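Read off the chains here:
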Amino acid sequence: MNSSTSHPVFPGKIAVMGGGSWATALAKLLLVNCESIAWYMRRDDRIADFIASGRNPAYLTDVEFDVSRIRFSSDINAVCDECDTLLLVMPSPYFKDHTDKITVDISQKHIVSAVKGIVPGDNCLVTDYMIGHFGVERDNCLVVAGPCHAEEVALARPSYLTIGCTDADRAAVFAQCLSGKNTHTITSTDVDGIEYAAVLKNVYAIASGIVHGIKMGDNFLAMLMSNAIREMERFVSAVVPRRRDICDSVYLGDLLVTAYSRFSRNHNFGSMIGRGYSVKAARMEMEQTAEGYYAARCIHDINDAYGVAMPILNGVYDILYRNIRPSVAIDRMSQYFD
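Residues numbered from 1 in each chain as written. Predicted model: local features only at pLDDT ≥ 70, side-chain atom pairs only at ≥ 80, totals over all residues. Heavy atoms only, no water.

Engineer: Looking at this structure, how should I read the environment of V153?
Structural biologist: With respect to the helices and strands, V153 occurs in helix 6 (residues 150-154). Distance from V153 to K28, taken between C-alpha atoms, is 8.6 Å for residues 125 residues apart in sequence. Discounting chain neighbours no more than four positions away, the residues touching V153 are A25, L29, C148 and S159. (Helix = DSSP H or I, 4+ residues; strand = E, 2+ residues; numbered from the N terminus. Contact = heavy atoms within 4.5 Å.)

Engineer: Would you mind showing me how to read the sheet that holds strand 1 (residues 14-17) here?
Structural biologist: Strand pairing in a sheet relies on backbone hydrogen bonds. The paired strands run either parallel or antiparallel. With mixed pairing, eight strands are arranged side by side in an open sheet as 3-2-1-4-5-6-7-8. Lying at the two open borders of the sheet, with one neighbouring strand each, are strand 3 (70-73) and strand 8 (183-188). On average, adjacent strands in this sheet sit at an angle of 20° to one another, irrespective of strand direction. Both strand 1 and strand 4 (residues 85-88) contribute to a ladder of four bridges, which runs parallel. (Pairing = 2+ DSSP bridges. Axes fitted to C-alpha atoms, helices over the stretch in contact; angles between N-to-C directions.)

Engineer: I keep staring at the state of the cysteines and nothing clicks. Help me out?
Structural biologist: Two cysteines, two sulfur atoms, one covalent bond between them: this is a disulfide. Taken as a whole and judged by the stated rule, the model has zero disulfides. Among the cysteines around C124, which has no disulfide bond, C298 carries the closest sulfur, lying 9.3 Å off. Here C148 is not cross-linked by a disulfide; its sulfur's nearest cysteine counterpart is in C177, at 15 Å. (Disulfide = S-S within 2.5 Å.)

Engineer: Sorry, what's going on with the environment of D169 here?
Structural biologist: Of note, D169 is situated in helix 7 (residues 168-178). Considered as a pair, D169 and D44 are 125 residues apart in the sequence and their alpha carbons are 37 Å apart.

Engineer: Is there a simple way to explain helix 5 (residues 126-134) in this structure?
Structural biologist: Side chains that are three or four residues apart share a direction in an α-helix, a result of its 3.6 residues per turn. Within helix 5 the residues assigned to the buried category are V126, T127, Y129, M130 and F134. Viewed end-on, helix 5 has its buried residues packed into an arc of 160°, placing them on one side of the element. Elements in contact with the buried residues of helix 5: strand 4, helix 4 (95-99), strand 5 (110-113), strand 6 (141-145) and helix 8 (191-214). (Buried < 20%, exposed > 50% of the residue type's maximum accessible area, 1.4 Å probe, protein only. Arc of directions from axis to C-beta.)

Engineer: Is there a simple way to explain the layout of surface pockets in this structure?
Structural biologist: Empty space among the atoms becomes apparent when a probe as large as a water molecule is rolled across them. Considering only enclosed or pocket space, the largest pocket measures out at about 1100 Å³ in volume. In this structure, the largest pocket is lined by 45 residues; those nearest its centre are G20, P91, R265, Q288 and T289. Elements with a minimum of two residues in the lining of the largest pocket: helix 1 (21-33), helix 6, helix 8, helix 10 (249-260), helix 11 (265-274) and helix 13 (291-302). When grouped by side-chain class, the residues that make up the lining of the largest pocket number 21 nonpolar, 13 polar and eleven charged. Approximately 240 Å³ is the volume attributed to the second largest pocket. What lines the second largest pocket is a set of 16 residues, and nearest its centre among them are L29, V153, A156, N182 and T183. Taken together, the elements giving at least two residues each to the lining of the second largest pocket come down to helix 1 and helix 6. The element that contributes the greatest number of residues to the lining of the second largest pocket is helix 1, accounting for three residues. Grouping the amino acids of the lining of the second largest pocket by side-chain chemistry returns seven nonpolar, five polar and four charged. (1 Å grid on protein atoms, 1.4 Å probe; cavity = no way out; pocket = protein on both sides within 12 Å on 5 of 7 lines; lining within 4 Å. Points joined across faces, edges and corners; volume = space filled by probe spheres on them. Nonpolar A, V, L, I, M, F, W, Y, C, P; charged D, E, K, R; others polar.)

Engineer: It is not clear to me how the packing of aromatic side chains should be interpreted in this structure. Could you clarify?
Structural biologist: The way to describe two aromatic rings as a pair is by their centre distance and the angle between their planes. Here the structure, examined in full by the defined rule, presents 14 aromatic pairs. For the ring pair F95 and Y129, a centre distance of 5.6 Å and an interplane angle of 75° mean the geometry is edge-to-face. With F95 in helix 4 and Y129 in helix 5, the pair connects residues that are 34 residues apart, well separated along the chain. Its relative accessible area of 3% is what places Y129 among the buried residues. Summarising the aromatic geometry, the rings of F220 and F337 are spaced 5.7 Å apart at their centres and angled 40° between planes, so their arrangement reads as tilted. (Phe/Tyr/Trp six-rings, centres within 6.5 Å; stacked < 30°, edge-to-face > 60°.)

Engineer: What is the right way to look at empty space enclosed by the protein in this model?
Structural biologist: Overall, the coordinates contain one cavity of 30 Å³ or more when judged by the stated rule. Put simply, the largest cavity is a space of about 90 Å³. Together, 13 residues line the largest cavity, and S113, K116, V144, E195 and A198 are the ones closest to its centre. Going through the elements one at a time, strand 6 and helix 8 are the ones with two or more residues in the lining of the largest cavity. Per-element tally for the lining of the largest cavity: the top contributor is helix 8, with four residues. Grouping the amino acids of the lining of the largest cavity by side-chain chemistry returns nine nonpolar, two polar and two charged.

Engineer: I keep staring at the pairing of strand 4 and nothing clicks. Help me out?
Structural biologist: When a strand is regular, its side chains alternate between the sheet's two faces. Burial along strand 4 is two-sided: the face carrying T85 and L87 and the face carrying L86 and L88 are both buried. Across four bridges, the pairing between strand 4 and strand 5 is parallel. Among the inter-strand pairings, L88 is bridged to a residue of strand 5, identified as S113.

Engineer: What's the story with unusual backbone geometry in this structure? I'm lost.
Structural biologist: A negative phi angle is the norm for most residues apart from glycine, just as the trans form is the norm for most peptide bonds. Residues G146 and P147 are joined by a peptide bond in cis, for which omega reads 15°. Within the element layout of this structure, P147 appears in the loop between strand 6 and helix 6. Notably, K116 is not glycine yet its phi reads approximately 60°, a positive angle. Residue K215 is not a glycine yet carries a positive backbone phi of 65°. With respect to the helices, strands and loops of the structure, K215 is situated in the loop between helix 8 and helix 9 (218-239).

Engineer: Honestly, the nonpolar core in this entry has me stumped. Any pointers?
Structural biologist: If you look at soluble globular proteins, the nonpolar side chains tend to sit buried side by side. In terms of nonpolar packing, the biggest core is built from 56 residues, with Y196, M232, F235, F269 and I299 touching the most fellow members. Per element, the largest residue contribution to this core is twelve residues, and it comes from helix 8. Excluding anything up to four places from it in sequence, M232 contacts A197, L200, K201, Y204, I246, Y251 and L255. Formed by 38 residues, the second largest nonpolar core is a distinct cluster that contains L31, L60, A114 and A150. (Core = buried A, V, L, I, M, F, W, Y, C linked by side-chain atoms within 4.5 Å.)

Below, the structure written as structure tokens:
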């Protein structure tokens, strides 16, 4: 019987959906605990090179794979049809370019989002989009968040992941799929809170990069981050009211690693702007997607309905979309620091 019409199996056969560095890192973790996976990539030439070399030809190219344990395909519907759990790891700006191609019934699948971005145009979380557009059940939706850089997974450094699901038992099951000697997993039921925090930390990482590029110093950066975590808490509490400890690693930890790490594309994007690059030039220079660029507009629009005080978010938005000079925007936001 086709898995799309039978009782959902979890995790069953897992598909990695996306070909970037984060998808590559998560695939490597899954293959520690799973006999095999399916892997959807858009480009057939990349798949051919991957199979020939045993490595992703474009991202984390030093990481070796046993390709005999992977069924690659550029046919998103074939992958969705055959697998029980779909791990979504596409950059948010291109998320709908991929999912709009899905014509098979995935309403009974389990969806795990590692996208860390808002769906542009719809201004909604990935899990909410999958529920609304594909009829996926809320308890069948999970999220994966950090603090965890793909590059450090590739280097086998200690990494930490939080798996969120409204069904705690399912969160625990998928956590086991990603656990390993160097990968520690935590579970949570705060799915929406985790998703919003993962979006916001990219915006704050851009602010951190801008401050670094301007050379405002570590003292100011510490103030920026202490105010950023409070701003994050205000927004997430307004949009998803529930008890949570904002100092948990999935909120504060993920914010800090994204704001400070040399692996953070959002920090590096912001740093270029702080050093004098135009927004357009910085975007063109980036080899990978800086999610925070898109997130700043989405969260700014969403906050129109909530009116949360968000001077850092507003400052980043002004720099990226209103052509306000970084030094002016940073000075404005700092007036609200305490």
